[in-house]
Amino acid sequence: MLLWLFEHFAAQQSPPAFLQVTFRAAGAAAVGFFLTVLLGPKWIVWLKHRFREPLNTRSPELAKLHQAKEWTPTMGGLFIVGGLLLGSLIWADLRNPYVVVTLSTVLGLAVVGAVDDLTKLGGGGKGLT
């Protein structure tokens, strides 16, 4: 997205730093990091109210040890993946097939993780194992 703007301005001037992959990678990392830091606490509160880790154990000793984990929200990787995907969509060269394959793989693994967490929450408590 921004790459198109940088290429457009590069045709009129010569800002070589904007077109280099290291600059764009740093920009994508910064966008992903700041989105995760800024939106993370709000997402965690939202997830805590909707998707809490169930305690499924028959042992009273394990239940006592894991009692503090009961309030741990699950599916927290979604906002990390969201920050990564948004940063990549803004800064990456989407014409590069490696970028498309990498983003597809990240999205696919996020779907597998979400299905695993939803299966664990829905019933059985074991996830995809």
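This one's a predicted model, so the numbers in the text were calculated from it and none came from an experiment. Throughout this description, residue numbers start from 1 for each chain and increase along the sequence as written. A pLDDT threshold of at least 70 governs which residues receive local features in this predicted model, and a stricter bar of 80 or more applies before side-chain atom pairs are shown or counted, although totals over entire chains, interfaces and linings include all residues. Excluded from the side-chain calculations are hydrogens and water; all other atoms, namely the structure's heavy atoms, are used.

Caption draft 1: Inspection of the packing of aromatic side chains at higher detail. By convention, a stacked pair of Phe, Tyr or Trp rings (six-membered ring in the case of Trp) has centres within 6.5 Å and planes under 30 degrees apart, an edge-to-face pair has planes over 60 apart, and any other such pair is tilted. One pass over the full model with this rule turns up three aromatic pairs. On the basis of an interplanar angle of 65 degrees and a centroid distance of 6.1 Å, the ring pair of tryptophan 43 and tryptophan 46 is categorised as edge-to-face. With tryptophan 43 and tryptophan 46 both in helix H3 (residues 21-50) and three residues apart, the pair spans about one turn of that helix. For tryptophan 43, a relative accessible area of 34% translates into the label partly exposed. Counting from the N terminus, the helices are the DSSP runs of H or I reaching at least four residues and the strands are the DSSP runs of E reaching at least two. For each residue, the accessible area found with a 1.4 Å probe, counting protein chains only, is set against the maximum for its type, and the residue is called buried under 20%, exposed over 50%, and partly exposed in between.

Caption draft 2: Structural view of helix H6 (residues 97-122). Here a helix's expected span is defined as the number of its residues, less one, multiplied by 1.5 Å. In this model H6 runs 37 Å from its N-terminal to its C-terminal C-alpha over 26 residues, within 8% of the 38 Å that 1.5 Å per residue would give. Capping the start of H6 is the job of one residue whose side-chain oxygen sits 3.0 Å from the backbone nitrogen of tyrosine 98: asparagine 96. Distance and chemistry together define a polar contact, namely a pair of N or O atoms within 3.5 Å, with one atom able to donate a hydrogen and the other to accept it when in protein, and with adjacent residues in sequence counting only for side-chain atoms on both sides.

Caption draft 3: Main features of the pattern of salt bridges. We define a salt bridge as a contact between a side-chain nitrogen of Lys or Arg and a carboxyl oxygen of Asp or Glu at a distance within 4 Å. This structure, assessed with the given rule, holds one salt bridge. The salt bridge partner of aspartate 93 is arginine 95, with a shortest N-O separation of 3.0 Å.

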